[in-house]
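What the coordinates show
Listed below are the residues making up each chain.
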Amino acid sequence: METKLIKINLTNKNKVLSIASDLIKKGEVVAFPTETVYGLGANALDENAVKKIFIAKGRPNDNPLIVHISDIKQLNELVEFVPKEAEILIKKYWPGPLTIVMKKSKRVPSCITGGLNTVAIRMPNNTIALGLIKKAGVPIAAPSANSSTKPSPTLANHVLNDLNGKIPLIIDGGKCKVGLESTVLGLSNGKAVLYRPGKITKEELEKIIGEVELPSGQIKVPSSPGMKYKHYSPKAEVILIEAKIDANESKDNFLGNVKKIGLNEDSNLIGVISFTKKIGFKNEFFFNNDVNLYAKNLFFALREFDKRGVEKIIVEGILDEGFGLAVMNRLRKAASKII
Ligand code: TXA
Ligand code: MG
């Protein structure tokens, strides 16, 4: 299959969205930008179309998908009921990077939910994504548009690298603003569970709806299947150096550990991601104490190092607070060694 990549702009927007929505209506898959990462979308109510997503990504069938909507009216068809907490959060955060898990209605095919009786739903804050859902006239199921196990795509070219020849169309809408996937919050069983941290933080959510639990790591059958798979892995080995509570100590900890490993700063085979201080390696991304910058460029950096043939990536961890919790969640999954 030939994969077309079309750059979207103000002049061709309507035409491109028509081509893309026709594909969705015909039961095909299309990659499109959202504010978080690129998604690989199909008609959520068409089981055959949804199956094509799993095949293109090489994704295990029991890992459920997020259903994307453009209009709040679509929500009632997809869930049994909307809990009060969800209503409040939806008013504040949709469209935006918050996915809410609720009891599913009968209309949602079980291939989307991996057999669970719940469904994850979000309204993305991106005019291309919203325009596509609206024009297609159906809710769109979409995981991140990477090959399973790879870092999520934040550029159309990342999608092309992973899925060239496997999907008919990629809409290129430039770089994603947030850079990490949405917060996934479970509200299906009377309590709030943070299945995946993201831009909308645990602290922020707790101010509005009270206690938000972290999922227990002990359960054998994960209640959010996405948590059990290998994830976000570049080809290079990722070594994560955890932050220390004290910022100064943290900086020394990172530098000290890099020195201890005995790395050569001129080597083409070593990549460094630094946060508190630039340490002067040839292959270095420095995020200048800015969590948003870190989140926006993390997946880009991992993929860029692969492109340059880097074999080892040393990463400076940050504290597990605010948006930092999401950055660390992705880093710990990408890492093969944590120091
Ligand atoms: O930002 C995003 O959320 C992106 C863009 C494209 O919207 N999408 C995305 O989808 O990251 P995906 O499939 O890569 O991640 C969906 C996550 C997985 O961790 C999955 O296990 C969880 O949401 N999830 C989906 N349905 C669920 C459910 N019913 N219960 C618990 N977790 C669920
Ligand atoms: Mg994903």
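Residues numbered from 1 in each chain as written. Chains lettered and ligands numbered in written order. Predicted model: local features only at pLDDT ≥ 70, side-chain atom pairs only at ≥ 80, totals over all residues. Heavy atoms only, no water.

1. Quick notes on the packing of aromatic side chains
Selection rule: Each aromatic pair joins two rings of Phe, Tyr and Trp (for Trp, the six-membered one) with centres within 6.5 Å, and gets the label stacked for planes under 30 degrees apart, edge-to-face for over 60, and tilted for any other angle. Secondary structure counts use DSSP, requiring at least four H or I residues in a row for a helix and at least two E residues in a row for a strand, with both numbered from the N terminus. Three exposure classes are used, based on accessible area relative to the maximum for each residue type with a 1.4 Å probe and protein chains only: buried under 20%, partly exposed in between, and exposed over 50%. Counted as over-ring charges are cases with an Arg CZ or a Lys NZ within 6 Å of the ring centre that also lie within 35 degrees of the ring normal.
In this structure the tally under the stated criterion is five aromatic pairs. Consider the rings of phenylalanine 285 and phenylalanine 305, whose centres lie 5.3 Å apart with planes at 75 degrees: the pair is edge-to-face. Residue phenylalanine 285 is found in strand 14 (residues 284–286), and its partner phenylalanine 305 is found in helix 10 (residues 291–307); the two are separated by 20 residues along the sequence. Residues phenylalanine 285 and phenylalanine 305 agree in their burial class; the two are buried. An aromatic cluster of at least three residues, connected via ring pairs, comprises Phe275, Phe285, Phe287, Tyr294, Phe300 and Phe305. Over the ring of phenylalanine 300 we find lysine 175; its NZ or CZ atom is 4.6 Å from the centre of that ring.

2. Let's talk about the pattern of salt bridges
Should the charged atoms of two oppositely charged side chains come close, the side chains can pair. Short version of the rule: The salt bridge definition used is simple: a Lys or Arg side-chain nitrogen within 4 Å of an Asp or Glu carboxyl oxygen.
Scanning all chains against the criterion turns up 14 salt bridges. The residue glutamate 77 makes a salt bridge to arginine 107 at a minimum N-O spacing of 2.6 Å. Highlighted residues: glutamate 77 in helix 3 (residues 75–78) and arginine 107 in the loop between strand 5 (98–103) and helix 5 (110–113), separated in sequence by 30 residues. Take arginine 107: its relative accessible area is 46%, and that puts it in the partly exposed class. A salt bridge links arginine 308 to glutamate 304, with the nearest nitrogen and oxygen atoms 3.1 Å apart. Judged by relative accessible area, arginine 308 falls into the partly exposed class, the value being 40%. Assessed through its relative accessible area of 15%, glutamate 304 is described here as buried. Counted as one network, the salt bridges with shared partners bring together Glu242, Asp320 and Arg332.

3. What to know about the domain arrangement of the protein
For clarity, the cut-off: Throughout the structure description, domain borders are defined by an automatic or database domain assignment. Contact definition: two residues touch when any of their heavy atoms are within 4.5 Å. Summed over both partners, the accessible surface that disappears when two parts come together, traced with a 1.4 Å probe, is what is meant by buried area. Polar contacts, as used here, are pairs of N or O atoms within 3.5 Å; protein pairs need one atom able to donate a hydrogen and one able to accept it. Residues neighboring in sequence count only if both atoms are side-chain atoms.
Segmenting the protein into domains produces domain 1 (4–209) and domain 2 (237–338). Its C-alpha centre places domain 1 at a distance of 29 Å from the equivalent point of domain 2. Taken together, the 24 residues of domain 1 in the interface contact 17 residues of domain 2. With both chains or domains summed, domain 1 and domain 2 bury close to 1,700 Å², and 60% of this area falls on carbon and sulfur atoms. For the pair domain 1 and domain 2, the interface holds two salt bridges. The interface formed by domain 1 and domain 2 holds nine residue pairs in polar contact (both at pLDDT 80 or more) in total. For the side of domain 1 that touches domain 2, the secondary-structure elements that each account for two or more residues are helix 7 (156–163) and strand 10 (192–196).

4. As for helix 6 (residues 127–136)
Every buried residue belonging to helix 6 is among Ile128, Ala129, Gly131, Leu132, Ile133 and Ala136, and all of these are buried. Buried residues along helix 6 sit in contact with helix 1 (13–25), strand 2 (30–32), strand 4 (66–68), strand 7 (140–141) and strand 8 (169–172).

5. Digging into the environment of threonine 276
Along the chain, threonine 276 turns up in the loop between strand 13 (270–274) and strand 14. For threonine 276, a relative accessible area of 21% gives the class partly exposed. For threonine 276 and aspartate 46, which are 230 residues apart along the polypeptide, the C-alpha to C-alpha distance reads 48 Å. Within the local environment of threonine 276, its side chain forms a polar contact with the side chain of glutamate 316, the two groups lying 2.5 Å apart.

6. A closer look at the environment of leucine 298
Position of leucine 298 relative to the elements: it lies in helix 10. For leucine 298, a relative accessible area of 1% corresponds to the buried category. Spatially, the C-alpha atom of leucine 298 lies 9.4 Å from that of threonine 154, the residues being 144 residues apart in sequence. Those residues within four positions of leucine 298 in sequence are excluded, and the remaining contacts are Leu180, Ile273, Val327, Arg330 and Leu331.

7. As for the side chain of glutamine 74
With respect to the helices, strands and loops of the structure, glutamine 74 is situated in the loop between strand 4 and helix 3. With relative accessibility at 14%, the residue glutamine 74 sits in the buried group. Apart from the residues lying within four places of it in its own chain, the contact partners of glutamine 74 are Ile69, Ile133, Val138 and Pro139.

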